[in-house]
Amino acid sequence: MTHFAIRLTTLAMFSVAVAATPSLSPVFFTPAYAAGGDTPSAPPASDTKGTKDKKKKTETRPNTENAAFLANYRAAYATVYDKQDYTAAIVQLKALGQDDRADVANLIGYSYRKLGDYKVSQIWYERALKADPAHVRTWQYYGLWQVEQGNRDQAQYHLNKIAMLSGKDSAEYKSLAAALEKAPGTGLTY
């Protein structure tokens, strides 16, 4: 190779490396909340049918609709965790009309689980994971569901999935690991 070709190759490789590196600028940095929280993740991508109509609607009131959704989601979140009124929370969460968001479906599943309706809870956890297979909080709660059902092997699978997604130092991993240690095959509720 000529000296010029080596320089050109090096420059090309450097350019690709710089372009592939994510920007660390605060303007472009968006924190990731793998566990879920009082701010839900984005809705799942939808098909392209009807996107023209949806686009027109969201162009007219995107901030108003998003703000209303966020306020109502946070109210439902508080109903679940602060008030522990799971029946009311289910009504609030379903009224959002965003059942296919992982955070929403997960909280509905959690609420049904706390009410003792394990079959319906399972449906909602699976719906949440379908919307976002990397939703750590759902893996945790569904893992706790598995512990409560005495399914140690499945709970261990969920624990391994959490370790892969968020590490063994995450709160979700520690919570499920503790539940597995505490309740080996018993029907204890968490």
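Here is what the cut-offs are and how they apply
- All residue numbers refer to positions counted from 1 along the written sequence of the respective chain.
- Two thresholds apply to this predicted model, a pLDDT of at least 70 for residue-level local features and 80 or more for giving and counting side-chain atom pairs, whereas whole-chain, interface and lining totals are computed over all residues.
- Computation of side-chain values covers all heavy atoms of the structure but excludes hydrogens and water.
- Under the scheme used here, helices are H or I runs from DSSP no shorter than 4 residues and strands are E runs no shorter than 2 residues, and both carry numbers assigned from the N terminus.
- Here's how the labels work: a residue is buried when its accessible area is under 20% of the maximum for its type, exposed when over 50%, partly exposed in between, all with a 1.4 Å probe on protein chains only.
- What makes two residues a contact is simply this: any of their non-hydrogen atoms within 4.5 Å.
- The protein chains shown are the only cover counted for residues, whose accessible areas, like all others here, come from Shrake-Rupley with a 1.4 Å probe.
- In this count, Lys and Arg are taken as positive residues and Asp and Glu as negative ones, while His and the chain termini are left out.
- Any carboxyl oxygen of Asp or Glu within 4 Å of a side-chain nitrogen of Lys or Arg constitutes a salt bridge here.
- Polar contact is the term for a pair of N or O atoms within 3.5 Å; when the atoms are in protein, one must be able to donate a hydrogen and the other to accept it, and sequence-neighboring residues count only if both atoms are side-chain atoms.
- Known as pLDDT, the predictor's confidence for each residue is given on a scale from 0 to 100.
- A helix's residues, less one, multiplied by 1.5 Å, set its expected span.
- Taking the helix axis as origin, the arc is that swept by the directions to the C-beta atoms.
- Axis lines are fitted through C-alpha atoms, for helices just across the contact stretch, and the angle between N-to-C directions can take any value from 0 to 180 degrees.
- Orientation categories follow fixed angle ranges, with anything under 35 degrees roughly parallel, anything over 145 roughly antiparallel, 65 to 115 roughly perpendicular, and all other angles oblique.
- Crossings are classed by handedness, with left-handed meaning an anticlockwise turn of the near helix from the far one by less than a right angle and right-handed meaning a clockwise turn.
- Under the scheme applied, nonpolar residues are Ala, Val, Leu, Ile, Met, Phe, Trp, Tyr, Cys and Pro; charged residues are Asp, Glu, Lys and Arg; polar residues are all the others, including Gly.

Student: What exactly am I supposed to notice about the overall build of the protein here?
Tutor: Across its full length, the protein carries nine helices and zero strands. Written out in order from the N terminus, the α and β elements of the protein read α-α-α-α-α-α-α-α-α. In the protein, buried positions account for 31% of the 190 residues. Counting only contacts in the protein whose residues sit at least 6 apart along the sequence, the fraction spanning at least 24 positions is 58%. Per element, the accessible surface of the protein, about 11,900 Å² overall, is 58% carbon and sulfur.

Student: I tried to follow the side chain of Asp103 on my own but got confused; where do I start?
Tutor: As for its placement among the helices and strands, Asp103 is situated in helix α5 (residues 102–114). No salt bridge is formed by the buried Asp103; the nearest opposite charge belongs to Arg101, separated by 6.6 Å. Polar contacts involving the side chain of Asp103 include one to the side chain of His135, which spans 2.8 Å.

Student: What should I look at first to understand the environment of Asn160 in this one?
Tutor: Residue position: Asn160 is located in helix α8 (residues 152–166). Sequence spacing of Asn160 and Ala177 is 17 residues, and the spatial spacing of their C-alpha atoms is 9.8 Å.

Student: Explain unusual backbone geometry to me, please; I cannot follow it from the model alone.
Tutor: Outside of glycine, negative phi angles account for most residues, and trans bonds account for most peptide bonds. The phi dihedral of Gln84 is positive, around 55 degrees, even though this residue is not glycine. In this fold, Gln84 is placed in the loop between α3 (62–81) and α4 (86–95). The class for Gln84 is exposed, based on a relative accessible area of 52%.

Student: Please explain the confidence of the model for the protein as it appears in this structure.
Tutor: Any residue range with low pLDDT should be treated as having predicted coordinates unsuitable for detailed reading. Of all residues in the protein, 66% attain a pLDDT of 70 or more, and the chain-wide mean is 80. For residues 20–36, every residue scores under 50 in pLDDT, and the model assigns this stretch twelve contacts once sequence neighbours within four places are set aside. The low-confidence segment residues 186–190 (pLDDT under 50) makes 17 contacts with residues lying over four places distant or belonging to another chain.

Student: Please clarify how helix α9 (residues 171–182) should be interpreted in this entry.
Tutor: Residues spaced three or four apart along an α-helix point in a common direction, a consequence of the helix completing one turn every 3.6 residues. Between its first and last C-alpha atoms α9 spans 16 Å; for twelve residues at 1.5 Å apiece the expected length is 16 Å, and the two agree. Within the span of α9, buried status applies to Glu172, Tyr173, Leu176, Ala177, Ala179 and Leu180. Angular distribution of buried residues about the axis of α9 spans 160 degrees; they occupy a single face of the element. Those residues of α9 that are exposed and angled more than 90 degrees off the buried face are Ala171, Glu181 and Lys182. Lining the buried residues of α9 we find α7 (136–148) and α8.

Student: What exactly am I supposed to notice about the pattern of salt bridges here?
Tutor: Note that side chains of opposite charge can pair when their charged atoms are close. Per the stated rule, a full pass over the model turns up three salt bridges. Residue Arg113 is joined to Glu148 by a salt bridge in which the shortest nitrogen-to-oxygen separation is 3.2 Å. Within this pair, whereas Arg113 is found in helix α5, its partner Glu148 is found in helix α7, the two being separated by 35 residues in sequence. Judged on exposure class, the residue Arg113 and its partner Glu148 are both buried. Glu172 is the partner of Arg137 in a salt bridge, and the nearest nitrogen-oxygen pair spans 3.8 Å. Of this pair, Arg137 sits in helix α7 while Glu172 sits in helix α9, and the two are 35 residues apart along the sequence.

Student: What's the story with the packing of α5 against α7 in this structure? I'm lost.
Tutor: In a pair of packed helices, the angle between the axes and the distance between the axes together describe the arrangement. Packing of α5 against α7 brings their axes to within 10 Å, and their N-to-C directions diverge by 20 degrees. With respect to their mutual orientation, α5 and α7 come out roughly parallel. As α5 packs across α7, the resulting crossing turns out to be left-handed. Counted together, Ala102, Asn106, Tyr110 and Arg113 of α5 and Arg137, Thr138, Tyr141, Leu144, Trp145 and Glu148 of α7 form the full contact between these two elements. Taken together, the residues that form the contact of α5 with α7 break down as five nonpolar, two polar and three charged.

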